[in-house]
Every structure is written in C-alpha cells, then in structure tokens.
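Summary of the model geometry
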Amino acid sequence: MKINIMAVGKIKEDYINAGIKEFLKRLKPYTEVNVIEVDDERIPPNASGAQIEKVKEKEGERLLKNVPKNSYVIVLDVKGKPMTSEGLAKSIQNLQLQGYSNITFIIGGALGLSQKVLDTGDYILSFSHMTFTHQMIRLILLEQLYRAFKIIKGEPYHK
Ligand SMILES: C[S@@+](CC[C@H](N)C(=O)[O-])C[C@H]1O[C@@H](n2cnc3c(N)ncnc32)[C@H](O)[C@@H]1O
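Presented here is a report on the structure given in the accompanying data block. Position numbers for residues count from 1 along each chain, tracking the sequence in the order it is written. Only residues with pLDDT of at least 70 get local features here, since the model is predicted, and only at 80 or more are side-chain atom pairs given and counted; chain-wide, interface and lining totals rely on the full set of residues. Heavy atoms throughout the structure, all of them, feed into the side-chain values; hydrogens and water do not.

1. Some remarks on unusual backbone geometry
Of note in this structure, Asn-46 is not a glycine but carries a positive phi near 55°. Unlike most non-glycine residues, Asn-70 shows phi in positive territory, near 55°. Secondary structure counts use DSSP, requiring at least four H or I residues in a row for a helix and at least two E residues in a row for a strand, with both numbered from the N terminus. With respect to the helices and strands, the residue Asn-70 is situated in the loop between helix H2 (49-64) and strand E3 (71-81). When its relative accessible area of 41% is taken as the criterion, Asn-70 is described as partly exposed. Buried residues are those whose accessible area, probed at 1.4 Å on protein chains only, stays under 20% of the maximum for their type, while exposed residues exceed 50% and partly exposed ones sit between those limits.

Now the structure itself:
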C-alpha cells in the first residue's frame, strides 16, 4: 500500500519541516509515503469571494491531475467527518483487502479546497472542529499515519 499526500503550498517553518522529516523516517519501515506539493496561487489583497473561488479552483485542478490511479481519496477538511486512530488503522487494512494500491490524502492551501476537490473525495476527514494551518495539518496527518501503522502491527506507541 502506497500513501500519497497531496498538498497545496510549501512548508516554510523549519520546526514543522523537522517534524515532517522525523515522521517520514519513522514511517519508512511500514509503508511508502509520497509527498506531492502543488504551487499555491497568489491572492490579490482585498480579493473578492469570486476571485477566491477562482484561486481554489486553479489549485484544485493542480491537485486533481496528480491523483494516482487506483487511489482511495481522503480529503482533509474541517467540515468533514471525524475518525479515530483505530478507525484509520482499520480503514487502511480494509482498503488493502479491497485491492487499493494507493491511499491519497489531499490537504488544501491557506484558502481551503474547491468544491470539485471535495466532491472527488471518497471520504472527507476532519481532525477537529478547529482549523489548523496547512503546514501543521501535514505534520499531524503523518503522526496519525505512523500511529495507525503501529496499531496495525500491534506495536507499542505512546497512548
Ligand atoms: C488553513 S486550512 C484552510 C482554511 C479554510 N478557511 C477552510 O475553511 O478550508 C488549510 C487546509 O488544512 C486542512 N485542515 C485544516 N484544519 C483541518 C481540520 N481540522 N481537519 C481536517 N483538515 C484540516 C484542510 O485540508 C484545509 O484545506
């Protein structure tokens, strides 16, 4: 099973980059994780609602054209459905049994995701009712993936 993380924009904070690097290293023995970043769009100051929608659509097109075939797509959105860590572990196992070779997680940029991207998701996942930065949520997702693989293998990890 290959995990793809598709995200809008780069990680600029060194402390987040260090955390991402650490969890990518920890995940190596369990699965292949492929991070695909697409460029974010510049937003004009005082952008109108319509301009913001256009920017989200452009970023969304970049994301969607990179989604690998035979992927189960999990879109991260604050308004999505919650999932427990055990639930994520079970889902990964079930998807493997169903013959999926890829799980693709999609993370939006500062403005969030277009409706088209949200409609593409097989599951819309919320980590909390609170909004995190796109940089922070990438690190949180990687920690949860690591936790899921520890659960799948029955290996100890922090409670
Ligand atoms: C800064 S947030 C975007 C905020 C934007 N106002 C919105 O409502 O989508 C950037 C991205 O991080 C992810 N994200 C942030 N908080 C999240 C949460 N609580 N659950 C799931 N994804 C989240 C989403 O993919 C979101 O598109």
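2. Points about the site of the ligand
Only heavy atoms are used to decide nearness, and a residue is near a molecule or strand if one of them lies within 4 Å of it. In the vicinity of the ligand there are 18 residues, among which Leu-76, Gly-108, Phe-127, Met-130 and Phe-132 approach most closely. For the ligand, an oxygen atom lies 2.6 Å from a polar atom in the backbone of Leu-76. Note that a nitrogen atom of the ligand is positioned 3.4 Å from one of the backbone N or O atoms of Asp-77. When atoms are counted within 2 Å of each cavity's grid points, the one that captures over half of the ligand is the largest pocket. Any pair of nitrogen or oxygen atoms within 3.5 Å is treated as a polar contact; in protein, a donor-acceptor pairing is required on top of that, and neighbouring residues in sequence qualify only through side-chain atoms on both sides. In the cavity and pocket records, a cavity denotes points on a 1 Å grid over the protein atoms alone where a 1.4 Å probe fits but cannot get out, a pocket denotes an open set with protein on both sides within 12 Å along at least 5 of 7 lines, and lining residues are residues with an atom within 4 Å of a point. By definition, a pocket or cavity contains a molecule when more than half of the molecule's atoms lie within 2 Å of the pocket's grid points.

3. Here's the deal with the sheet that holds strand E5 (residues 123-125)
Taken in spatial order, the 5 strands make up an open sheet running E2-E1-E4-E3-E5, and their pairing is parallel. Two strands in the sheet have a free side with no partner beyond their single neighbour: strand E2 (32-38) and E5. Within this sheet the neighbouring strands show an average axis-to-axis angle of 25°, counted without direction. Strands pair, by our definition, only if DSSP identifies at least two bridges between them. As paired elements, strand E1 (residues 2-8) and strand E4 (residues 102-107) share 6 bridges and run parallel to each other. In the strand pairing of E4, Lys-2 is matched with Asn-102. Working convention: axes come from line fits to C-alpha atoms, limited for helices to the stretch in contact. Angles between N-to-C directions cover 0 to 180 degrees.

4. Some words on the packing of helix H3 (residues 85-97) against helix H5 (residues 134-153)
Viewed as axis vectors pointing N to C, H3 and H5 meet at an angle of 70°, and their least axial separation amounts to 8 Å. Considering their axes alone, H3 and H5 lie roughly perpendicular with respect to each other. Contact residues: Ser-85, Glu-86, Leu-88, Ala-89, Ile-92 and Gln-93 in H3; Gln-144, Leu-145, Arg-147, Ala-148, Phe-149, Ile-151 and Ile-152 in H5. Residue polarity is assigned by list, with Asp, Glu, Lys and Arg as charged and Ala, Val, Leu, Ile, Met, Phe, Trp, Tyr, Cys and Pro as nonpolar; anything else, Gly included, falls into the polar class. Across the contact of H3 with H5, the residue classes tally to 8 nonpolar, 3 polar and 2 charged. For classification, angles of less than 35 degrees are called roughly parallel, those exceeding 145 degrees roughly antiparallel, those between 65 and 115 degrees roughly perpendicular, and all remaining angles oblique. The contact criterion used is simple: two residues touch if any of their non-hydrogen atoms lie within 4.5 Å.

5. Notes on the packing of aromatic side chains
Side-chain rings of Phe, Tyr and Trp, where Trp is taken by its six-membered ring, are said to pair if the distance between their centres is within 6.5 Å; with planes under 30 degrees apart they count as stacked, over 60 as edge-to-face, and otherwise as tilted. A complete count under the given rule lists 5 aromatic pairs for this structure. Ring geometry for Tyr-30 against Phe-149: centres 6.4 Å apart, planes inclined by 25°, an arrangement best described as stacked. Of this pair, Tyr-30 sits in the loop between helix H1 (14-27) and E2 while Phe-149 sits in helix H5; the two residues are 119 residues apart in sequence, bridging distant segments of the chain. Taking relative accessible area as the criterion, Phe-149 reaches 5% and is therefore assigned buried. An angle of 90° between the planes, with centres 5.0 Å apart, marks the rings of Tyr-146 and Tyr-157 as edge-to-face. You can see Tyr-146 sitting in helix H5 and its partner Tyr-157 sitting in the segment after H5, a full 11 residues away along the chain. The residues Tyr-146 and Tyr-157 share a single accessibility class, namely buried.

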